[in-house]
Amino acid sequence: MMEKQHPIPPLVKTILSSRGYKTERSMVDFIYSGVSSLSDPFLIPNMKKACATLEKAISKKEKIFVYGDGDADGVCGSFLLLNLLCLVGADFSFRLTHRLDDDYEIEEMLINEIAKEKYSLLISVDCGISSYQALKTAGDNGIKAIVLDHHIGETSKLHPSHIYVNPWMEKEWKNGTENLSGAGIAYKFVEGMGILLPGLKEGKAYEFIELVALSIIADSLPLTGENRIFVKEGLRRMSYTKNKGLAALIESQNLTPPFYLKNISRRLVPRLNSPGRLGNPDIALNLLMEKDGFGINEAVKKVEQMDRERYQMVVKAIKTIKKEALKNGFIASEDISPGICGIIASRLSGQYCKPFMVGYRSDDFLRGSIRAPAGYNLHKKLKPLNKYMLSLGGHKEAMGFKCTTEYIPQVKKIWKDIKWEAEKPNDYYDCILDISDLNPSIIEEIDANLEPFGKGNPAPVFLCEDVYLKRVSGRGEENNEGILWLKKNGAIYEAVFPSEQDNKPVNGKMNILYTPSVRKQNNLYRIILKIKKFYSF
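Residues numbered from 1 in each chain as written. Predicted model: local features only at pLDDT ≥ 70, side-chain atom pairs only at ≥ 80, totals over all residues. Heavy atoms only, no water.

### Points about helix H11 (residues 244-252)
So the rule is basically this: For each residue, the accessible area found with a 1.4 Å probe, counting protein chains only, is set against the maximum for its type, and the residue is called buried under 20%, exposed over 50%, and partly exposed in between. Helix and strand definitions follow DSSP, with helices as H or I runs of at least four residues and strands as E runs of at least two, each counted in order from the N terminus. Any pair of residues with heavy atoms lying within 4.5 Å of one another is described as a contacting pair. Contacts described as polar in this section are N or O atom pairs within 3.5 Å, which, within protein, must combine one atom able to donate a hydrogen with one able to accept it, while residues neighboring in sequence count only if both atoms come from side chains.
All of the buried residues along H11 are Gly245, Leu246, Ala248, Leu249 and Ile250. Lining the buried residues of H11 we find helix H9 (209-218), helix H12 (261-277), helix H13 (282-289) and helix H14 (293-319). The residue sitting at the N-terminus of H11 and contributing the capping side-chain oxygen is Asn243; that oxygen lies 3.2 Å from the backbone nitrogen of Gly245. Directly after H11, the chain includes Asn254, whose backbone phi takes a positive value near 55°.

### Some words on the environment of Leu148
Within the element layout of this structure, Leu148 appears in strand S4 (residues 144-148). Here Leu148 falls in the buried class, since its relative accessible area comes to 0%. Placed 217 residues apart in sequence, Leu148 and Phe365 show a C-alpha to C-alpha distance of 28 Å.

### A look at the sheet that holds strand S10 (residues 398-404)
Our working definition: Between any two strands, pairing holds if DSSP finds at least two bridges. The axes are straight lines fitted to the C-alpha atoms, using for helices just the contacting stretch, and the angles between their N-to-C directions are given from 0 to 180°.
Strand order in this open sheet of five strands is S6-S7-S8-S10-S9, and the pairing throughout is mixed. Edge strands, defined here as strands with exactly one partner in the open sheet, are strand S6 (330-333) and strand S9 (391-394). If you compare each strand with its neighbour and ignore which way they point, the axes differ by 15° on average. Summarising the sheet, S9 and S10 pair through four bridges and their orientation is antiparallel. Note on S10: the bridge partner recorded for Gly393 is Gly400.

### Some remarks on the pattern of salt bridges
Which entries qualify depends on this criterion: For this analysis, a salt bridge means a side-chain nitrogen from Lys or Arg found within 4 Å of a carboxyl oxygen belonging to Asp or Glu.
Scanning the model with the defined rule gives 16 salt bridges in all. Of the charged contacts in the structure, one is a salt bridge between Arg25 and Asp29, with a shortest N-O distance of 2.9 Å. Separated by four residues within a single helix, Arg25 and Asp29 lie in helix H3 (residues 24-32), roughly one turn from each other. The exposure class of Asp29 is partly exposed, given its relative accessible area of 33%. Residues joined in a network through salt bridges with shared partners are Arg271, Glu304, Asp307 and Arg310.

### Some remarks on the sheet that holds S4
Pairing within the open sheet is parallel, and its five strands lie in the order S2-S1-S3-S4-S5. Looking at which strands have only one partner, the edges of the open sheet turn out to be strand S2 (91-96) and strand S5 (163-165). If you compare each strand with its neighbour and ignore which way they point, the axes differ by 15° on average. With five bridges connecting them, strand S3 (residues 121-125) and S4 associate as parallel partners. Bridge pairing links Ile123 to Ile146 in S4. Packed on one face of the sheet, helix H5 (residues 72-87) meets strand S1 (63-68), S2 and S3 and runs near 170° to S2.

### What about the side chain of Asp149?
Mapped onto the elements of the fold, Asp149 is located in the loop between S4 and S5. The buried category is assigned to Asp149, whose relative accessible area is 0%. Within the structure, the side chain of Asp149 is placed 3.1 Å from the backbone nitrogen of Ile129, a separation counted as a polar contact. In contact with Asp149, not counting residues within four places along its chain, are Asp126, Cys127, Gly128, Ile129, Val165, Asn166, Pro167 and Ile185.

### Focus: the pairing of strand S8 (residues 365-371)
Within S8, six of the seven residues are buried, which leaves it mostly tucked inside the rest of the structure. Where strand S7 (residues 356-362) and S8 come together, seven bridges link them in antiparallel fashion. Across the sheet, the residue bridging to Gly359 is Gly368, located in S8. Between S7 and S8, which follow one another and run antiparallel, lie two residues, and Asp363 among them has a positive phi close to 55°.

Everything listed here is a matter of coordinates, which is why it stays silent on function.
Right, here's the structure in full:
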């Protein structure tokens, strides 16, 4: 019965089975689940307690302070929460992290300031889980804190008087919500407030699912569970978003439906991130909060200007990096702005397929970012650094850090001595699919059922045996791609491969790992194989 209502093509079934979806029910849920399948927010540990605390603060007209991270995830999550507080007429103020002046966490100085101004409730969005001293100071001053964060922290160091909504702290998080972004957790929080406050209609959170999608894409989180629902639905809603600022930004980039994750990642996410990178995250938040047409146009111009500045800074900074630093993956520089350390580390880790630690050296401190390709676990490998760090936290593949300059030699030595290994081997493939069996319909069938692709749900990789190299010719549409032609059973196939990778094609018989794609031009279809690996005999 389920098969008739929700048909699943045989090849798609094989792919999902190789990825751990062993029952038809789990396959149907993965492919067909929508917004109605999102779970009750109160199934998340501490969520009901957090919502009840805010409800009480609102009813008592207490002063509320919101502290959000200044990146795209934090900006989107802060918007959702601030929009709710505006709707209910709460007495609140807010601040976003300024990457040029602040650390990634809450400063103790800020707590002292809001204590003097008689704030009784602090809510952090996409940050706070590693703000051990600041949260202790808040507790000592009678300030209650709700920490809405998805980063990894040391649970034993957290002050017990506060409420923590964080998937890394609790084992009982409902399956499917454990990889939510900061904005995803904020969405659930606003959804919970809609249950407690009759007539609120979830604080209109439902209208802004596309912002949650943006946050998930920005943080490169796994596209499984509810993240997949948010992104799939969010991409669909981008074309008619009710957020006027986001609509204006989309229009400025000449983006039209259908929207793809790759375009959002390359065109929208950097522009929402850039203001925070350059120390002015409020510009991105103002773009989302603004209702006036003139104000929105001005905000878009500012965002565009800051993104151009960010791009130029990154290009200039990368040129200053020495070969030795590129070789060992450790960069400590006075020439790199702290706001772009993460971008540089991410770009280099992708280019060289290994982790990078990039820090800005100023006064007596080194602070910056650490990035790693998919499959690495920074949190596990970098534990020996803790004794030298003032702060160190984040995700498995992305972390922020701060230490004093006196410990740079020790940190560098530990970094260089680490034996890096990806948790998932790069010779993984979903199943065998001979390239002679490919046609546009099969590829479109795969995409229609399994997209959007990304971390946790990569584009399928197939094995094809007994392929011959015909010739190598030039570069592909991407600058780092090489073009080659393969031969199988008398037919010729166009393929591209990463030109910088060590694994190269050779003359003679080969096996290949590949991902097929279709390009349509003038009503003609071209099948292109994206080669992941060559195996020669």
